[in-house]
Amino acid sequence: NLAEVRPTLLFSVPRIWNRVYDSLNKKIAKESPLKRKLMLAAIANSAEVQKRQRAGQSLGWAGFMNGIYDKLVLSKIKALLGGRLKFAFSGGAALSKEVGTFIDNLGIVVYEGYGLTETSPIATANRPGAQKIGSVGQPLPFITVTIDTSVVEGLEPGVGEVCVSGPNIMQGYHNLPDKTAEVLDEKRTFRTGDLGRIDEDGYLFLTGRVKEQYKLENGKYVAPAPLEEKLKLSPFVNQIMIHGQNLPFNTAVLVPDFEQGKEWAEEQGLSDTSPSARCIDRMICLAKVRPVGGGEIET
């Protein structure tokens, strides 16, 4: 419905942006080799323009070509989203860096933020002049964000539980003093339960949840969220859950996207396009993408 509504701003959870990413990449893949090459060149040039703008450099030839590419290619891609979309706001969960970068390179500026109900709710956000794709931005004025690296063992240096303090923090859970004491200390610093790190410029990057992290049989710690986000970039994956507590390997429970599977099966000329048959075929393919300990993806 985006082409019908033609929004200029769109606030959404990452799932919608993943759908946009999937559908646009699928359309690009279906074009002729010449058109596909032109589209990819336009997106690559736009990425260079974005890079130069953030560094405060002259746009030069990339800026000149961006105007041409926009008329020939990018405007047509953006027309699928209504043609007027200028800003994409994402929240509710971590947005994949690949998806955020792709949308941003179309000339649709991506702003990701972070917060919880207990933080009223926004604690950090990207904003004009201070945007870093893959991060959830810098703390808002009067809000302090720190990282407690002592909470969980086996994490990368600088990664720990995200803690927030400031006038935005709740007074407590109603009639639940014990629960309140679990998340609020004497200085009214709120423990979010999220894992993250802060870079040298003060941007917060989320890496998972404290309670979701587990240890494999070989002693390696795994934060499943980044692995799940990478695998969800596949148009054939609707939902996925990764687990491997005390196992020698990670295990994934997958919910396939059967609509995508049916279209793929028809394109391949398969006679049996039933969900069961497609599911087996895709599971064989997905099995070749194996998450390994330490947050890596082995293909």
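The shown structure was predicted, so the numbers you read here are calculated from the model rather than taken from an experiment.

Here is what the cut-offs are and how they apply
Residues numbered from 1 in each chain as written. Predicted model: local features only at pLDDT ≥ 70, side-chain atom pairs only at ≥ 80, totals over all residues. Heavy atoms only, no water. Helix = DSSP H or I, 4+ residues; strand = E, 2+ residues; numbered from the N terminus. Buried < 20%, exposed > 50% of the residue type's maximum accessible area, 1.4 Å probe, protein only. Contact = heavy atoms within 4.5 Å. Areas by Shrake-Rupley, 256 points an atom, 1.4 Å probe, with all protein chains shown as cover. Lys, Arg positive; Asp, Glu negative; His and termini not counted. Charge placed at Lys NZ, Arg CZ, Asp CG, Glu CD. Salt bridge = Lys/Arg side-chain N within 4 Å of Asp/Glu carboxyl O. Pairing = 2+ DSSP bridges. Expected span 1.5 Å × (residues − 1). Axes fitted to C-alpha atoms, helices over the stretch in contact; angles between N-to-C directions. Parallel < 35°, antiparallel > 145°, perpendicular 65-115°, else oblique. Nonpolar A, V, L, I, M, F, W, Y, C, P; charged D, E, K, R; others polar. Phe/Tyr/Trp six-rings, centres within 6.5 Å; stacked < 30°, edge-to-face > 60°.

> I'd love a proper account of the overall build of the protein chain, names of residues and values included.
A count of helical and extended segments in the protein chain gives 9 helices and 15 strands. Dimensions of the protein chain, computed from the C-alpha atoms along their principal axes, are close to 65 × 50 × 35 Å. Of all 299 residues assigned to the protein chain, the portion counted as buried reaches 40%. Pairs at least 24 residues apart make up 52% of the contacts formed inside the protein chain by residues separated by at least 6 positions. Summing over all exposed atoms, the protein chain offers an accessible surface of approximately 16,700 Å²; the carbon and sulfur share of this is 56%. One finds the centroid of the 36 positive side-chain charges in the protein chain at a distance of 8 Å from the centroid of its 34 negative side-chain charges.

> So what about the pattern of salt bridges? Which residues, and what values?
Taken as a whole and judged by the stated rule, the model has 11 salt bridges. Close ionic contact of Arg54 with Asp104 constitutes a salt bridge, the shortest N to O distance being 2.6 Å. In this pair, Arg54 is assigned in helix α3 (residues 33-55) and Asp104 in helix α5 (residues 97-105), connecting sequence segments 50 residues apart. For Arg54, a relative accessible area of 43% corresponds to the partly exposed category. For Asp104, a relative accessible area of 2% translates into the label buried.

> Tell me about the sheet that holds strand β4 (residues 122-125), and please be specific about residues and values.
With respect to topology, 5 strands assemble into an open sheet ordered β1-β2-β3-β4-β5, the strand pairing being mixed. Whereas interior strands pair on both sides, the edge strands pair on one side only; in this sheet they are β1 (9-12) and β5 (138-139). As judged from the 3 bridges shared by strand β3 (residues 109-115) and β4, these two strands associate in the antiparallel manner. Paired with Gly113 across the bridge in β4 is Ala125.

> Just give me the short version of helix α2 (residues 14-30), but keep the residues and values in it.
Spanning 17 residues, α2 covers 24 Å between terminal C-alpha atoms, matching the ideal 24 Å at 1.5 Å per step. Looking at α2, one finds that the buried residues are Pro14, Trp17, Asn18, Val20, Tyr21, Asp22, Leu24 and Ile28. Buried residues in α2 make contact with β1, α3, α4 (60-79), β2 (87-90), α5 and α7 (224-231).

> Quick one: what's the story with the environment of Pro256, residue by residue and with numbers?
Following the sequence through the fold, Pro256 ends up in strand β13 (residues 251-256). Sequence separation between Pro256 and Val237 is 19 residues, and the spatial gap between their C-alpha atoms is 4.7 Å.

> If you had to explain the packing of α3 against α5 to someone new, which residues and values would you point to?
The interhelical angle for the contact between α3 and α5, taken along N-to-C directions, is 90°, at an axis separation of 8 Å. Between α3 and α5, the interaxial angle falls into the category roughly perpendicular. Here α3 contributes Ile43, Ser46, Ala47, Gln50 and Arg54 to the contact with α5, which in turn contributes Phe102, Asp104 and Asn105. For the contact of α3 with α5, a count of residues per class yields 3 nonpolar, 3 polar and 2 charged.

> Could you give an account of the packing of aromatic side chains, naming the residues involved and the relevant values?
Counted under the stated rule, the structure contains 6 aromatic pairs. Centre to centre, the rings of Phe11 and Phe89 are 4.3 Å apart; their planes meet at 10°, and the pair counts as stacked. Here Phe11 is found in strand β1, whereas its partner Phe89 is found in strand β2, with 78 residues between them in sequence. Summarising the aromatic geometry, the rings of Tyr21 and Phe102 are spaced 5.3 Å apart at their centres and angled 85° between planes, so their arrangement reads as edge-to-face. In this pair, Tyr21 is assigned in helix α2 and Phe102 in helix α5, connecting sequence segments 81 residues apart.

> Any chance you could break down unusual backbone geometry for me, citing the residues and the numbers?
Cis geometry marks the peptide bond from Ser120 to Pro121; its omega dihedral reads -25°. Mapped onto the secondary structure, Pro121 falls in the loop between β3 and β4. Unusually for a residue other than glycine, Phe142 sits at a positive phi of about 70°. Positionally, Phe142 belongs in the loop between β5 and β6 (144-148). Look at Phe142 and you get exposed, because its relative accessible area is 74%.

> Please give an account of the sheet that holds strand β8 (residues 190-198) that cites residues and values.
Spatial strand order, β6-β7-β8-β9: 4 strands in an open sheet with antiparallel pairing. Where the open sheet ends on each side, the last strands, each with one partner, are β6 and β9 (204-209). Going across the sheet, the axis of each strand differs from the next one's by a mean of 50°, ignoring polarity.

Everything listed is a geometric property; what it means functionally is a separate question.
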